[in-house]
Each structure stands twice: as C-alpha cells, then as structure tokens.
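The primary structure of each chain is shown beneath.
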Amino acid sequence: MKKLKIADGIHMLTMNVEDILFEGIWEIANGVTLNSYIVQGEKTAIIDGVIGWDGVPETLYDSLEEMGVDPQSIDYLIVNHMEPDHSGWISNFRKVKNYFTIICTDKAAKMVSSFYGEDRIRVVKEGDTLDLGKGRVLSFHPVPNVHWPDTMYTYENATGTLFSCDMFGAFGRMGDHCFDDELTPEEKEFFETEGIRYYSNVMATFTPSLRKAIEKAKSLDIKTIAPGHGPVYRKNPQKIIDDYSRYSLYADGSGKNEVTILWGSMYGMTAKAVEFVEGVLQREGVRYSKMHMPLESESEMAATVFRSAGIIIAAPTYEYKLFPPVAAALNELGRKKITGKAAFRFGSYGWSGGAEKELHEIIERNGMKWDFAASVEFEGAPKEDDLKKIEAGVLELLEKMKGKILE
Ligand code: FEO
C-alpha cells in the first residue's frame, strides 16, 4: 500500500490488486488500484476504504499510523459508493473503532445496513456539507448509477478536489507514478487502454448517467480529480473529463479508426475467410484486432469492440443458430448497451443455416442498432465468388465507419 500527499491535510492510500475477477466476472490482466483518501481538519474523514482483497485491515491501519493518523481519530467514513471494493472494510474497521458516523446517500444507507448491519448513518443530499474544521469543508453531490444507484461525489472546497469514486477511474496497476503529471508517455497510453477497458466492462451500461455525472463535474470548480481507481489528475483534470466524454460516444457507435474481427470457427471454413479479410484490411491500411472466441477473455473482447468504429463478425452456423461463443459475446455487448457500431458479418454453414437469424434477434432484442453491411454466408469452404462478396462487404464497412471515427 502506498501513501501520497494530495494537499495539506489530504492524503491518498492506494494499493494494487491482482489476480482477481473484478465483480466476479472480469479478468483484469493488468490489475487495478483501489484508492482511498483521508481528509484531516480538526476532525478526520476517510473517503472510501481500501483493504487487502483477503479482508485483512492491518495494512491499512499501519499505513494510517505511518501518516500520523490514529485510526481511533477517524470520525467519519464517507461511502461514495457502496460496492464492496470501496466499502468491504467497514466491518473490520468496526472491530477497532466503535464510534464513527457513515456518510452516504439514502440508497447507499439501505445497503450499508443490509450488507454490514451498520445503522449510525448520516444521509446526505445534493449540496449538503460536512465541516471538518481548519477550513476543510466537504460537500456531497449524488451521481446516481455511476455505477450503482447510490453513488455520489465528495468535493473538498478549499483545494477544489473531487473525490469521484468509480467515475473517471481506470483499471491497471500503478507503479511509482500516481499523478497525471508524473506519467510517462507509455504510462499515459497504458491508462488510456485500461480506462477504456474499465469503462467498457463496468460503466458502459450506465452511459446516460455518466453523461449527467460529467455535467455535474463541470459545474464544480475542479483543480484535482481523485478517483477510486487509477491515477490522480492534478495537472490537467479536464483531460480525464474529455476522455470520459469520448468513451461515452464509443458506447453510441463512435470509435477509433480500427476494426475488430470478432470471430469463431468450428472446422476452419470461416477461418479461411478471416484470413482473406485480414489481407484486405492490410491492403487498405486499416488497423485491426482479432478476438477469437471463446479463447479471448470477455474483458478484452468487450474493450476491443467498444473502442473500434467497425466490427466484423465472422461466425458459422452451429445447430441452426449463431456459433455460440460469438453469440454469447454479442449478448454481452448488448447487455453493456454498446450500440450503433458499423458492422459486417460472414460465415460458413453445412447442413443448415440459421446464424443470420439469431444474429439479428440478438441485435434487435438488445436494441443495439448496429449498422450492417449485407451479410455473406457460404456453404462449406468460401469459394472465389464468396470471397469477392466478402471483400465488397469489408469495403462497405470501411465506408460506414467514416462518420464514426473519434480518436
Ligand atoms: Fe469501484 Fe462500482 O466499484
């Protein structure tokens, strides 16, 4: 666990968490940080806790003491968001400190009670404040559905620090550099990639609410953004606000100037056409990624599709339907409300078709509104004529992408 000073009387504790499935689902190959913040006036508040994933709080207590903060002196636990990656330490904290007040929204209060049995809670609404003394005044600003309905921002007035919890966060472990002005170009690129992964995996479903949260952030005089995951933005907080605005547009069909080939093949017939398509994309100078399902993780698949302006679905018919690993991936993208992508599908069939019907059922059922070039299906191996049609489909896809590019 690392300890960093944000400003006089404001400290950050951060730890890397590895080898977990985030939310029990998402394989996060590059880990994630959990960030917690201590604000000291005459009284002391801790905003979102951090704890070892094993539930052992000693590291936190040791770190607090090294910072000169006696855990016994903490009067307020500010729960910006009840999801246990931020709140899972409360019951352990209760073992060492009997009297404290939890500050949270009404929706969080219900869950704080049902998850942890806590009832010493002050419920706050938009604009409510907490004066810690010595000029440290915190105000609270609910941002519902970022990413649960209970979430709020906490804002420290004197320093203009926004404690944004999940909002403006990113996956990815942090090394020695935790502030935006310290990051190397490689680290900036890493957190762009991990920010997109985080948004697509965790936040995309809630894009309309995130847009409202972006507007709320703009209404505050922000000098520093201190999120619950990922780097702190103290030099240029506008950058992560702009990034999140762009990611919200990726959820509506915009994307980087690249294509994702979301594919699977039973006996190599569809794979032959994938190989051909790679040649077309290379000839056209288009960046592309291949997501071979079911071998890729859902996390990587969702992130790669999310950031791409164009999607090629290459999948055969399997038992009268779409090849199941690709169907499952599309259903997940639908659940995440990733809409409006330019798309093109081709695939092989043997003794029966049916993939195309299920593809459109998935797209319709999830309200995805993907803009498809005409699909190409072929019996067995792709023939010369099939490949010509596939090439035409790829070129049509590239045309459709042109109005959607946003780097
Ligand atoms: Fe970082 Fe929604 O929890």
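Since the model is a prediction, treat every value here as computed from it, not as a measurement. (Residues numbered from 1 in each chain as written. Predicted model: local features only at pLDDT ≥ 70, side-chain atom pairs only at ≥ 80, totals over all residues. Heavy atoms only, no water.)

Contact geometry of helix α5 (residues 185–203) with helix α7 (residues 237–250) gives a least axis separation of 11 Å together with a crossing angle of 50 degrees. Considering the angle they form, α5 stands oblique to α7. As α5 runs across α7, the sense of the crossing is right-handed. On α7, the residues touching Glu192, Gly195, Ile196, Tyr198 and Tyr199 of α5 are Asp243, Tyr244, Arg246, Tyr247, Ser248 and Tyr250. Of the residues in the contact of α5 with α7, the class split is 6 nonpolar, 2 polar and 3 charged. (Axes fitted to C-alpha atoms, helices over the stretch in contact; angles between N-to-C directions. Helix = DSSP H or I, 4+ residues; strand = E, 2+ residues; numbered from the N terminus. Parallel < 35°, antiparallel > 145°, perpendicular 65-115°, else oblique. Left-handed = near helix turned anticlockwise from the far one by under 90°. Contact = heavy atoms within 4.5 Å. Nonpolar A, V, L, I, M, F, W, Y, C, P; charged D, E, K, R; others polar.)

So, about the packing of aromatic side chains. For the structure shown, the criterion picks out 18 aromatic pairs. Seen from their ring centres, Phe22 and Phe171 are 5.1 Å apart, and the 75 degrees between their planes marks the pair as edge-to-face. One end of the pair, Phe22, is in strand β3 (residues 21–22); the other, Phe171, is in the loop between β13 (161–165) and α5, and 149 residues separate them in sequence. Each member of the pair, Phe22 as well as Phe171, carries the same accessibility label: buried. A ring pair is formed by Phe344 and Phe346, whose centres lie 5.8 Å apart and whose planes are at 50 degrees; its orientation type is tilted. Its relative accessible area of 0% is what places Phe344 among the buried residues. Residue classification places Phe346 among the buried positions, given a relative accessible area of 0%. Above the face of the Phe179 ring, Arg234 is positioned so that its terminal group lies 3.8 Å from the ring centre. (Phe/Tyr/Trp six-rings, centres within 6.5 Å; stacked < 30°, edge-to-face > 60°. Buried < 20%, exposed > 50% of the residue type's maximum accessible area, 1.4 Å probe, protein only. Lys NZ or Arg CZ within 6 Å of the ring centre and 35° of its normal.)

Here the bond from Val146 into His147 is cis, since omega is 5 degrees, no more than 30 degrees from zero. With omega at 10 degrees, the peptide bond leading from Met293 into Pro294 counts as cis. Relative to the helices and strands, Pro294 is located in the loop between β16 (287–292) and α9 (298–307). Even without a glycine there, the phi angle at Asn145 is positive, about 65 degrees. Looking at where Asn145 falls in the secondary structure, it is placed in the loop between β11 (136–142) and β12 (152–156). Since its relative accessible area comes to 28%, Asn145 is described here as partly exposed. Look at Cys165: it is not a glycine, yet its phi comes out positive at around 55 degrees. In this fold, Cys165 is placed in strand β13. Given a relative accessible area of 1%, Cys165 falls into the buried group.

A few words now on the sheet that holds strand β8 (residues 101–104). The strand order across the open sheet formed by 7 strands is β1-β2-β5-β6-β7-β8-β9, and the pairing between neighbours is mixed. Every interior strand has two partners, whereas the edge strands, β1 (2–7) and β9 (121–123), have only one. Taking each pair of neighbouring strands and ignoring which way they run, the sheet shows an average axis angle of 25 degrees. Of the pairings in the sheet, the one linking strand β2 (residues 10–17) to strand β5 (residues 32–40) comprises 8 bridges and is antiparallel in character. (Pairing = 2+ DSSP bridges.)

A few words now on the packing of helix α10 (residues 324–335) against helix α11 (residues 355–365). When two helices pack together, their arrangement is given by the angle between their axes and by how far apart the axes lie. Between α10 and α11, the least distance of the axes is 9 Å, while the angle of their chain directions is 15 degrees. For the element pair α10 / α11, the angle class is roughly parallel. Along this stretch, α10 crosses α11, giving a crossing that reads as right-handed. Contacts between α10 and α11 pair Ala327, Leu330 and Asn331 from the former with Glu358, Leu359, Ile362 and Arg365 from the latter. In terms of residue class, the contact of α10 with α11 is built from 4 nonpolar, 1 polar and 2 charged.

This part covers the environment of Gly340. Relative to the helices and strands, Gly340 is located in the loop between α10 and β20 (342–349). Taking the C-alpha atoms as reference, Gly340 lies 9.4 Å from Gly367; in sequence the two are 27 residues apart. Those residues within four positions of Gly340 in sequence are excluded, and the remaining contacts are Asp252, Gly253, Met368, Lys369, Trp370 and Lys404.

So, on to the domain arrangement of the chain. On domain assignment, one finds that the chain holds domain 1 (2–250) and domain 2 (256–398). Computed over C-alpha atoms, the centres of domain 1 and domain 2 are 38 Å apart. Listed per partner, the contact involves 13 residues of domain 1 and 14 residues of domain 2. Buried area between domain 1 and domain 2, both sides added, is near 1,300 Å², and the carbon and sulfur share of it is 58%. By the criterion of area lost to domain 2, the three top residues of domain 1 are Trp26, Thr205 and Tyr250, representing 44% of everything that side buries. (Domains from an automatic or database assignment. Buried area = accessible area lost by both parts, 1.4 Å probe.)

The next point concerns the nonpolar core. The biggest cluster of nonpolar side chains holds 87 residues, and the ones touching the most others in it are Phe168, Tyr244, Leu330, Leu333 and Trp370. Composition of this core by domain shows at least three residues from each of domain 1 (2–250) and domain 2 (256–398). Filtering out sequence-adjacent residues up to four positions away, Tyr244 remains in contact with Asp166, Met167, Phe168, Gly169, Tyr198, Tyr199, Leu210 and Ile214. Counting 27 residues, the second-largest nonpolar core is a separate cluster that includes Ile47, Ile103, Leu130 and Met152. (Core = buried A, V, L, I, M, F, W, Y, C linked by side-chain atoms within 4.5 Å.)

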